[in-house]
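Fold and geometry: a report
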Amino acid sequence: MNPILIVLASAGALAGRPVDLAGWVSMALDGSGDVVRAEAAVEQAGAAYSGTRAALLPQLVFSASAGHSWSSTEIEPAGALETESDRFTAGLTLSQEILRSGGSSWLDLHSASLGREQAAYRLESAVLLLQRSVAAAYYETVGSLMLVQSSRAALERSGAILSRIEMLYELGAARELELLEARMQESSDRLALLRSEQSMTQSLTELRRVSGLSGDTTFTVDTAAVLTPLSREAILGLPSDYSDNPDLHTARLSLESSEIDLSSARRAYWPSLGASASWGWSDDEFEPGDAHMNDSWNVGLNLSWSIFDGWLRESRIQSASAGRLSSEADVRSAEDDVAASVRAAYDNLLASSDNLDLAEMTLEYARRRMDLSQLSYELGDMAVTDLLDAQAALSQAEAGLVTARTSCLVAEVDYWVLLGRSPRLGE
């Protein structure tokens, strides 16, 4: 890619309104398809619960009809006899399920209630995963921007050294090899800057994509609002309880629901009991005031008991039992996976904090070494090769500190999400 185009692209990427991590997460939540689908699943689970509960409530039905009929009868020798009549009917029926298959409907209602809780935890999981993705892309972009600044500082240092060597070379105080080494270092730093700017543009593009803003160049990252990584002491004081992990809750609720489904399937051997009451009216004239003279009432109980259904109940019980076994395995697997992931994330967070401390010490050492090398070179006690090595070590230490800081922040986000809690989005 043309270096001029890269510089222009990076300048365009930096243009725009700076937004902190909380702002990027908020925009992502507004446009995330995964979150919308999870919210729709919550509504569907609520509708399923309402539908299951409706079967337990009494049903009241009103019906009415009005009709006119004609008939013709051939009578010899009088001819055809034609008659016609009107008919009006009305009825009101109240029915109530008392016990269906030994109370399986109540178990179904409990299972539907658990389904609502599962949908809510899946929504929480979708939100946490989105926060994790946005935070990772955000810190990747922040790191890229800081690496661009570090590369520019390295280019300025190598450019200053090159200018000094060129001046000494013109005065005959520097060798051609030293000039060549300085030019190679300056060219290498210039190329590193171009690569850093290209990486920064790609990172910002990925952040916009993850946040649902693909093609939008209005927003950029606010580097002034980047969080400070936690110290080792603060990390040691973090909670380790992962009982709020939504995936773990979902697996456990799925197991409970499968146990209820198995109990409901076994109750298919039990009878069903219902009650009903009805009122009806029928007359050949529409006279509502006289409805009490042609009406009828009926109340009753009905009992049904399936004796043989072709082993349908047995197949449902077998299927529900297999589902419970699968749910038990899922719970054990989820508990093991979450426990191992939390432990690994915690160790990674501690290691990242230690690596950050080491990177800070390394940078301090590289700066002092660079100052000493600069002084020694000016006094004529050091070759330009050693000065360039010290300058390269300083650039590497600056980049290492940037990487260590962003890695520590990303590791913290991973740990909070695995605990089932929202990560820090701001101070």
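Structure report, in brief.

Parameters at a glance
Residues numbered from 1 in each chain as written. Predicted model: local features only at pLDDT ≥ 70, side-chain atom pairs only at ≥ 80, totals over all residues. Heavy atoms only, no water. Helix = DSSP H or I, 4+ residues; strand = E, 2+ residues; numbered from the N terminus. Rg over C-alpha atoms; globule rule 2.2 N^0.38 Å. Buried < 20%, exposed > 50% of the residue type's maximum accessible area, 1.4 Å probe, protein only. Contact = heavy atoms within 4.5 Å. Areas by Shrake-Rupley, 256 points an atom, 1.4 Å probe, with all protein chains shown as cover. Lys, Arg positive; Asp, Glu negative; His and termini not counted. Charge placed at Lys NZ, Arg CZ, Asp CG, Glu CD. Arc of directions from axis to C-beta. Salt bridge = Lys/Arg side-chain N within 4 Å of Asp/Glu carboxyl O. Axes fitted to C-alpha atoms, helices over the stretch in contact; angles between N-to-C directions. Parallel < 35°, antiparallel > 145°, perpendicular 65-115°, else oblique. Nonpolar A, V, L, I, M, F, W, Y, C, P; charged D, E, K, R; others polar. Core = buried A, V, L, I, M, F, W, Y, C linked by side-chain atoms within 4.5 Å. Phe/Tyr/Trp six-rings, centres within 6.5 Å; stacked < 30°, edge-to-face > 60°. Lys NZ or Arg CZ within 6 Å of the ring centre and 35° of its normal. Expected span 1.5 Å × (residues − 1).

**Considerations on the overall build of the chain**
Secondary structure summary: the chain contains nine helices and six strands in total. Taken over the C-alpha trace, the chain has a radius of gyration of 39 Å; the compact-globule value for 427 residues is 22 Å, which it surpasses by more than 25%. Counting the 427 residues in the chain, one finds 36% classified as buried. Within the chain, contacts between residues at least 6 apart in sequence are counted, and of these 82% link residues at least 24 apart. Per element, the accessible surface of the chain, about 23900 Å² overall, is 56% carbon and sulfur. Taken as two groups, the 32 positive and 61 negative side-chain charges of the chain have centres that lie 9 Å from each other.

**What to know about helix H2 (residues 21-31)**
Within H2, burial applies to Leu 21, Trp 24, Val 25, Met 27 and Ala 28. The buried residues of H2 all sit within an arc of 165° when viewed along its axis, so they share a single face. Those residues of H2 that are buried lie in contact with strand S1 (17-19), helix H4 (104-170), helix H5 (176-210) and strand S4 (219-221).

**Overview of the pattern of salt bridges**
For the structure shown, the criterion picks out 15 salt bridges. Across the pair Asp 354 and Arg 232 runs a salt bridge whose closest N-O atoms are separated by 2.8 Å. One end of the pair, Asp 354, is in helix H8 (residues 312-378); the other, Arg 232, is in helix H6 (residues 232-236), with 122 residues separating them in the sequence. Exposure remark for Arg 232: the relative accessible area of 32% places this residue in the partly exposed category.

**A short note on the side chain of Ser 196**
For Ser 196, the position within the fold is in helix H5. Looking at Ser 196, the relative accessible area reads 14%, which means it is buried.

**A few points about the packing of helix H3 (residues 33-54) against H4**
In the contact formed by H3 and H4, the axes pass within 9 Å of each other and the chain directions differ by 170°. Our classification of the angle between H3 and H4 gives roughly antiparallel. The class makeup of the residues in the contact of H3 with H4 is 15 nonpolar, five polar and six charged.

**Some points on the nonpolar core**
One broad rule of soluble globular proteins: the nonpolar side chains tend to lie buried together. Counting 31 residues, the largest nonpolar core has Leu 21, Trp 24, Val 134, Tyr 138, Tyr 139, Leu 207 and Val 221 as the members making the most contacts within it. Secondary structure elements with two or more residues in this core: H2, H4, H5, S4 and helix H9 (384-418). Tallying contributions element by element places H4 first for this core, with eleven residues. Beyond its immediate stretch of four places on either side in the chain, Tyr 139 contacts Leu 21, Val 226, Leu 227, Thr 406, Leu 409, Val 410, Val 413 and Arg 424. Core analysis: the second largest hydrophobic core is formed by 21 residues, Ala 359, Ala 366, Met 370 and Leu 401 among them.

**Overview of the environment of Ala 120**
One can find Ala 120 in helix H4. Accessibility expressed as a relative area gives 37% for Ala 120, which makes it partly exposed. Between the C-alpha atoms of Ala 120 and Ala 41, which are 79 residues apart in sequence, the distance is 8.5 Å.

**Overview of the packing of aromatic side chains**
Applying the stated criterion across every chain yields a total of six aromatic pairs. Arranged with centres 5.5 Å apart and planes meeting at 75°, the rings of Tyr 138 and Tyr 139 form a pair that is edge-to-face. You'll find Tyr 138 and Tyr 139 in the same group, each marked buried. Clustering of aromatic rings is evident, with ring pairs tying together Tyr 346, Tyr 415 and Trp 416. We note Arg 116 situated over the ring of Tyr 49; from NZ or CZ to the ring centre the distance is 3.9 Å. Stacked on the ring of Trp 270, the Lys or Arg Arg 267 has its end atom at 5.4 Å from the ring centre.

**Description of H3**
If you check H3, its first and last C-alpha atoms are 31 Å apart, about what 22 residues at 1.5 Å a residue would give, namely 32 Å. Listed in full, the buried residues belonging to H3 are Val 35, Ala 38, Ala 45 and Tyr 49. Buried residues of H3, seen end-on, are gathered within an arc of 70° and therefore sit on one face of the element. Residues Arg 37, Glu 43, Gln 44 and Ala 47 are exposed on H3 and point more than 90 degrees away from its buried face. Each element contacted by the buried residues of H3 is listed here: H2 and H4.

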